[in-house]
Amino acid sequence: MAVVIRAEGLSKRYRLGTGSAELDNLREAFVRGLRPWTWRRREDRAGGDWFWALHDVSFDVEQGDVVAIIGPNGAGKSTLLKILSRITDPTDGTVTVRGRLSSLLEVGTGFHPELTGRENVYLNGAVLGMRKAEIAARFDEIVAFADLAAFLDTPVKRYSSGMYVRLAFAVAAHLEPEILVVDEVLAVGDVAFQRKCLGKMGEVSREGRTVLFVSHNMPAVEHLCRSGLVFQRGRLAYRGAVRDAVDHYVRAATGGAADAGSHVVDLAGAATRKPGAPALLRRLELFTADGVPLDGGLAVGAPFEARVGLVLERPTVGLELVLRFDTLLGQRILVANSAFDPAFACDERTGAQTVICEIPSLTLTPGDYRVRVALNLGGVEVDAVDDAARVSVVPADFYGSGRLPRTGTFVLPQRWRVDRA
Amino acid sequence: MKGDASAGTGELVIRARRGWQPIDLAEIWRYRELLGFLAWRDVTIRYRQTVLGAVWAVAQPLTAALIFTVFFQRLGDPRGDGPPYPLFVFVGLVPWLFFANAVTAAGASMVGNPQLVSKIYFPRVFIPLSSIGALLVDLVLSLAAAAALMLVFRWPPSPAVAWLPLFLVATVLTAVGPGLILAALNVHYRDVKYAVPFLVQMGLFVTPVIYPLAGMPARLQPLAALNPMTGPVEGVRHALLGTPVRAELVATSLTVGVLLFVAGLYVFRRMERRLADVI
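Let me sum up the structure you'll find in this document. (Residues numbered from 1 in each chain as written. Chains lettered and ligands numbered in written order. Predicted model: local features only at pLDDT ≥ 70, side-chain atom pairs only at ≥ 80, totals over all residues.)

## Details of the overall build of chain A
Okay, step 1: Helix and strand counts for chain A stand at 9 helices and 18 strands.
Okay, step 2: Taken across its 421 residues, chain A has 39% of its residues classed as buried.
Okay, step 3: Considering only contacts within chain A whose residues lie at least 6 apart along the sequence, 69% involve residues at least 24 apart. (Helix = DSSP H or I, 4+ residues; strand = E, 2+ residues; numbered from the N terminus. Buried ≥ 20, exposed ≤ 12 C-beta atoms within 10 Å, placed from the backbone. Contact = placed C-beta atoms within 7 Å.)

In structure tokens, the structure reads:
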């Protein structure tokens, strides 16, 4: 396969504080300009206030590949996209791009509130690099995709934010570049529209075009992309198949605690322990039905069991264990607490214990969830480990209808009927 | 930047650019439609939801001409055989107000459109250029008003009217140079925002707008010719009203304007690299 993007030794340096790579104000520029040249040199060398947003990054992207760019905030993903989009120059290194590249770092760039939907479609299309004739040829398609035909001649300042985003994305979705660079633009809009966008992106990649996709939405990333580049603190930390890249990222993001693929997690040395807490929580084991270790994904609605190994240093009554499920984006989804179970009784104990939590049916929708484990004694949280494990819920025929639940937050048994009115 | 992706299949090498770079004309040509769109956007936005619309374009020079007529009438015509002062000052204000508004709008253009700088790439020079381009509409309207005033005062156009397009082009080029420099400077140094109105106000008095260049002391006239707007103002007035001009002074001023235009292109090109990091 032909290489369409080749980055070699790519680096970008910013000045800290102002986020600028330049001087801040005219006065400072004057003062500096007046100083002898030798002083200036010394200042530059001594200046510790520089920050490498990207440092010596090299990679190739082949034609038709769909590449996820993942990493924590501040890892250099956006800087990379800005360099690829030519918005900013690298400080060092080169990128060679073969083919027409369009980038989408924001939807609706150039939109103006006073202009109508129709006018903004033309303007935004031109800003994104489309010719007038191209926009005109796709205009009806764009309007149909956005589903806004009735509001075309209304100024977009009267649009709801959802309508605004739909129109903006519709324009972007009808770009036809050879290489498409997309930032986290799917985080906007409602779920139905997000799915439509993901579908459109899937379509683009099936057409053999090259896509670079930055996202924190790991299920979307795994669904759409074939390979992944993981960035950490400005460096390329991992590159490989998307599944491995996501694992690498999650492992790194969770301080090595969540060893994806293994059902046993050693909590004794967890880096994500609550600061200053004694390491009472020692071990977490995850199972699904009938005590089968949970190594891969957990089907929607399948039984879930967690066994938490812990140590009590002195005789204790009133132990309380809390498991919390969060999305990778940090949204709190579910709190399971031993105190919620009236049948849970814990007499006075000392030493090593195993607390077992059984959830007969974990009715969360497909996606990755972080599990936080906490131990409360006498109503006070004495030990806790964030991101102790990752539970990956995978699609399954929960309803027995062949229709797989994918969106929303959770699934519930439901009954439907139709009555004659 | 070299080897730009021309037809979409070329190869583009992105690397740090250093030193002075010429303007990439091929790229500007490729994006030409966008320049039109951006200028159209600026025009549309300015007049949308205004009741009087285009009247505002003419109201500004008319009001200014009226005020200057009331206060400075005696400055206009030392010999008494020239055009009536209101006409004289209005025609002078046409190029001057275009210049003043263009420099002000261009200076604010980058800072006023941060997403266009930090979220997308196209030739950045389009942002100040389109805000100047939008003012061409005002220029045309105020020229029409000037023609109407000439009818009112029964002052026929001079035979030199064929030179008018040249002086109008010179007006625009002269505005583009400083406009580009100020646009880029404003991103780095917000001081520009405060400096521009001040400079524009001063400029009105050191440029022969409300008085003829011939009205200045003779030894100061060569100095005034170094002012790039002296040529366009004197030239437009000469072409429309037939006021006398000293060709060598006008030519000097136009040359300064062209040099400033070229300098603006280079300075902007040099500063544009860092704009997205700073804005």
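The rest of the description comes next.
## Structural notes on helix H7 (residues 164-188) of chain B
Okay, step 1: Here H7 of chain B is 25 residues long and its end C-alpha atoms lie 37 Å apart, about the 36 Å a rise of 1.5 Å per residue gives.
Okay, step 2: Summarising burial for H7 of chain B: 20 of the 25 residues are buried, a large majority. (Expected span 1.5 Å × (residues − 1).)

## Some points on the nonpolar core
Okay, step 1: Counting 156 residues, the largest nonpolar core has Val67, Ile69, Phe213 and Val221 of chain A together with Ala184 of chain B as its most contacted members.
Okay, step 2: The greatest single-element share of this core, amounting to 17 residues, is contributed by helix H4 (residues 85-112) of chain B.
Okay, step 3: Discounting chain neighbours no more than four positions away, the residues touching Phe213 of chain A are Val66, Val67, Ala68, Ile69, Val182, Val221, Leu224 and Cys225 of chain A.
Okay, step 4: Judged by nonpolar contacts, the second largest core, of 32 residues, contains Val265, Leu281, Ala374 and Ala389 of chain A. (Core = buried A, V, L, I, M, F, W, Y, C linked by C-beta atoms within 7 Å.)

## What to know about the packing of H4 of chain B against H7 of chain B
Residue and element names in this part refer to chain B.
Okay, step 1: At a closest axis distance of 7 Å, the pairing of H4 and H7 adopts a crossing angle of 25°. As the angle between them shows, H4 and H7 are arranged roughly parallel. Once H4 is placed against H7, the crossing between them reads as right-handed. Within the contact between the two elements, H4 uses Pro95, Phe98, Phe99, Ala102, Val103, Ala106, Gly107, Ala108, Ser109, Met110 and Val111 and H7 uses Thr171, Thr174, Ala175, Pro178, Gly179, Leu180, Leu182, Ala183, Ala184, Asn186 and Val187. (Axes fitted to C-alpha atoms, helices over the stretch in contact; angles between N-to-C directions. Parallel < 35°, antiparallel > 145°, perpendicular 65-115°, else oblique. Left-handed = near helix turned anticlockwise from the far one by under 90°.)

## A look at the interface of chain B and chain A
Okay, step 1: Chain B puts 33 residues into the contact, and the matching count from chain A is 37 residues.
Okay, step 2: Elements that contribute at least two residues to the side of chain B that touches chain A include exactly strand E1 (11-15), helix H2 (32-47), helix H5 (114-118) and helix H11 (247-278) of chain B.
Okay, step 3: It is H2 of chain B that provides the largest number of residues to the side of chain B that touches chain A, a total of 6 residues.
Okay, step 4: Among the residues forming the side of chain B that touches chain A, the class breakdown is 15 nonpolar, 7 polar and 11 charged.
Okay, step 5: Pairing analysis gives 5 bridges linking strand E4 (residues 92-98) of chain A to E1 of chain B, with the strands arranged antiparallel. Counted as the bridge partner of Thr94 of chain A is Arg15 of chain B from E1 of chain B. (Nonpolar A, V, L, I, M, F, W, Y, C, P; charged D, E, K, R; others polar. Pairing = 2+ DSSP bridges.)

## Brief notes about the environment of Phe325 of chain A
All names here are of chain A.
Okay, step 1: Relative to the helices and strands, Phe325 is located in strand E14 (residues 319-327).
Okay, step 2: With 20 C-beta atoms counted inside 10 Å, the residue Phe325 sits in the buried group.
Okay, step 3: Remark: the alpha-carbon pair of Phe325 and Arg390, spanning 65 residues in sequence, is separated by 9.0 Å.

## Section: the sheet that holds E4 of chain A
Okay, step 1: Read from one edge to the other, the open sheet built from 4 strands follows the order E2(A)-E1(A)-E4(A)-E1(B), with strand pairing classed as antiparallel. The open sheet has two edge strands with one neighbour each: strand E2 (50-62) of chain A together with E1 of chain B. Between one strand and the next, the sheet's axes are offset by a mean angle of 20°, whatever the strand orientation.
Okay, step 2: Inspection of the sheet shows strand E1 (residues 3-15) of chain A paired to E2 of chain A by 9 bridges, in the antiparallel sense.

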